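Overview (structure and organization)
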Amino acid sequence: MSPTRDRCYWSPEFTIQSMEMTTWLVYLTFDSLRLPALGSIKRMKDGGPKSIQIEFELAYFDSNGSTSIKSSAYFRKNVCSREFEFPEMDEARSEFCPKDSVTVRCRIWRKGTEISKSELCFASTHYDVYQRHHVWAVKRFNLVLQGEKRIHVLNGSTKECPQMILILSLAESNGQECVFLHLEAPHLKNVFTVEAEISLLDAEGMVFLSKQERTHFHPSKKICKLSIFEKNGGGGCHAINCYPMMCYS
């Protein structure tokens, strides 16, 4: 995994035969200073019992040994544990994360039994991060009508980064006339997350309204609402500054 600021990552699913074929995955949350900051596990929809009591351990390692969190809980199908906070680590980030990668170990066993040494699962999740910056000069912004759509194509910086389309439309929300910004990835083949900073610029190119947004895409969900502004608040808008950062799994 390539840890970045305040983002959640999840492992591939893994099935444990000795625990009645239950299936699990690991969630991790990173921030810019601590690696990882929070950890949890989730039981997926599987063919196992309705409820199972387990003990588990999540750990990562520095030169002085392991830094871990341990807990026990009952898990029903499709239920996630609460998030646990990892202890602080002493190692510098560059020493702890060679090639900007971190390795986490998850151990799960039924309460009152020993950890199985015959079942070992190894899985990795690789993430690529792409950044791009676009300024969209919206002609006659104040004349956009409800039901009308304006589009702006965001071409990818590499072949691996798919083309995206920024869509501007006008609609009513909570009694206010609002500008909606949607993001579409028509040729999407993989799951990815978009974190974007959306700013409205005045005639001199100065930011007068800005928001940070986050949304998730997958092959069956190729269009997402990215942001919403009240039209009165953006009445002086001459351009939209879009700075999306895409994280691909």
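Preceding this section is the structure that the text describes.
Residues numbered from 1 in each chain as written. Predicted model: local features only at pLDDT ≥ 70, side-chain atom pairs only at ≥ 80, totals over all residues. Heavy atoms only, no water.

Here we come to the packing of aromatic side chains. Counted according to the given criterion, the structure contains two aromatic pairs. Residues Phe56 and Phe75 carry aromatic rings whose centres are separated by 6.3 Å and whose planes lie at 70 degrees to one another, so their mutual orientation is edge-to-face. With Phe56 in strand S5 (residues 51-62) and Phe75 in strand S6 (residues 65-76), the pair connects residues that are 19 residues apart, well separated along the chain. Aromatic ring contacts, followed pair by pair, group Trp24, Phe56 and Phe75 into a single cluster. Over the aromatic face of Phe229 sits the side chain of Lys211, whose NZ or CZ is 4.9 Å from the ring centroid. (Phe/Tyr/Trp six-rings, centres within 6.5 Å; stacked < 30°, edge-to-face > 60°. Helix = DSSP H or I, 4+ residues; strand = E, 2+ residues; numbered from the N terminus. Lys NZ or Arg CZ within 6 Å of the ring centre and 35° of its normal.)

Right, let's get into the sheet that holds strand S13 (residues 164-173). Spatially, the four strands line up as an open sheet ordered S12-S13-S14-S17, and their pairing is antiparallel. Each of the sheet's edge strands pairs with one partner strand only, and the pair in question is strand S12 (149-154) and strand S17 (223-230). Across the sheet, the mean angle separating the axes of adjacent strands is 25 degrees when strand polarity is ignored. In terms of strand pairing, strand S14 (residues 176-184) meets S17 through seven bridges, oriented antiparallel. Along S17, the bridge assignment pairs Leu183 with Cys224. (Pairing = 2+ DSSP bridges. Axes fitted to C-alpha atoms, helices over the stretch in contact; angles between N-to-C directions.)

As a further point, take the nonpolar core. By size, the foremost hydrophobic cluster in this structure holds 26 residues, and its most contacted members are Leu168, Leu183, Ile198, Phe217 and Ile240. Where this core is concerned, the elements lending two or more residues are S13, S14, strand S15 (192-201), S17 and strand S18 (239-248). Here this core gets five residues from one element, more than from any other, and that element is S15. Setting aside chain neighbours within four positions, we find Ile240 in contact with His134, Val135, Trp136, Val138, Leu168, Leu181, Ile198, Ser199 and Leu200. (Core = buried A, V, L, I, M, F, W, Y, C linked by side-chain atoms within 4.5 Å. Buried < 20%, exposed > 50% of the residue type's maximum accessible area, 1.4 Å probe, protein only. Contact = heavy atoms within 4.5 Å.)

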